[in-house]
Amino acid sequence: MTTGLPRPPVEPDLLDQAEVARRLNVSRTTIWRLAKRGEIRVVRIGSRTLIPRSELQRLIADGPGDVQSASGPS
């Protein structure tokens with residue numbers, strides 16, 4: 001049964017590195033460094049490296065310190 005009301009957009013469970021970088025306002029290289037150091041959990045599907053939405057939420061909750069340190073020396 002359809003009510004005719006638009007459905008809210010559904011957030012994907014996995015995000016690519018570019019989307020995570022955009023949402024955190026950092027470079028894709030920073031996200032890659034975090035993944036390489038094991039500081040964020042990634043899921044590899046074929047050649048794609050995806051980040052669970054829960055990891056994005058954790059990075060946001062932890063604050064900017066971890067992400068800032070991954071971007072290299074100032």
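Numbering of residues starts from 1 in each chain and follows the order in which that chain's sequence is written. Reporting of local features is limited, given that this is a predicted model, to residues whose pLDDT is at least 70; pairs of side-chain atoms are given and counted only at 80 or more, and all residues count toward the totals for whole chains, interfaces and linings. Calculation of side-chain values draws on the structure's entire complement of heavy atoms; hydrogens and water are dropped beforehand.

### Side note on the nonpolar core
Inclusion rule: As used in this record, nonpolar core signifies buried Ala, Val, Leu, Ile, Met, Phe, Trp, Tyr and Cys residues forming a set joined through side-chain atoms within 4.5 Å. With a 1.4 Å probe rolled over the protein chains alone, any residue whose accessible area is under 20% of its type maximum counts as buried; one over 50% counts as exposed, and the rest are partly exposed. To qualify as a helix, a DSSP run of H or I must reach at least 4 residues; to qualify as a strand, a run of E must reach at least 2; elements of each kind are numbered from the N terminus.
In this structure, Leu15, Val20, Ala21, Leu24, Ile31, Leu34, Ala35, Ile40, Ile51, Leu56 and Leu59 together form the largest nonpolar core, which totals 11 residues. Listing elements by their share of this core, those giving two or more residues are helix H1 (17-24), helix H2 (28-36) and helix H3 (53-62).

### Notes on the pairing of strand S3 (residues 48-52)
Note the cut-off: Think of it this way: DSSP has to see at least two bridges between two strands before they count as a pair.
Most of S3 is tucked away: four of the five residues are buried. Note that strand S1 (residues 14-16) and S3 share three bridges and pair antiparallel. Of the residues in S3, the one forming a bridge with Leu15 is Ile51. Relative to S3, strand S2 (residues 43-45) runs antiparallel, the two sharing three bridges. In the sheet register, Ile45 faces S3, and the bridge partner there is Arg48. Counting the residues that bridge the hairpin from S2 to S3 gives two residues, and of these Gly46 lies at a positive phi of roughly 60°.

### Notes on the pattern of salt bridges
Opposite charge on two side chains lets them pair, provided their charged atoms get close. Put simply, the rule reads: A pairing counts as a salt bridge when a side-chain nitrogen of Lys or Arg comes within 4 Å of a carboxyl oxygen of Asp or Glu.
Summed over the entire model, instances satisfying the criterion amount to six salt bridges. Arg22 is the partner of Glu19 in a salt bridge, and the nearest nitrogen-oxygen pair spans 2.7 Å. With Glu19 and Arg22 both in helix H1 and three residues apart, this pair spans about one turn of that helix. Residue classification places Arg22 among the exposed positions, given a relative accessible area of 56%. A salt bridge links Arg37 to Glu39; its shortest N-O distance comes to 2.7 Å.

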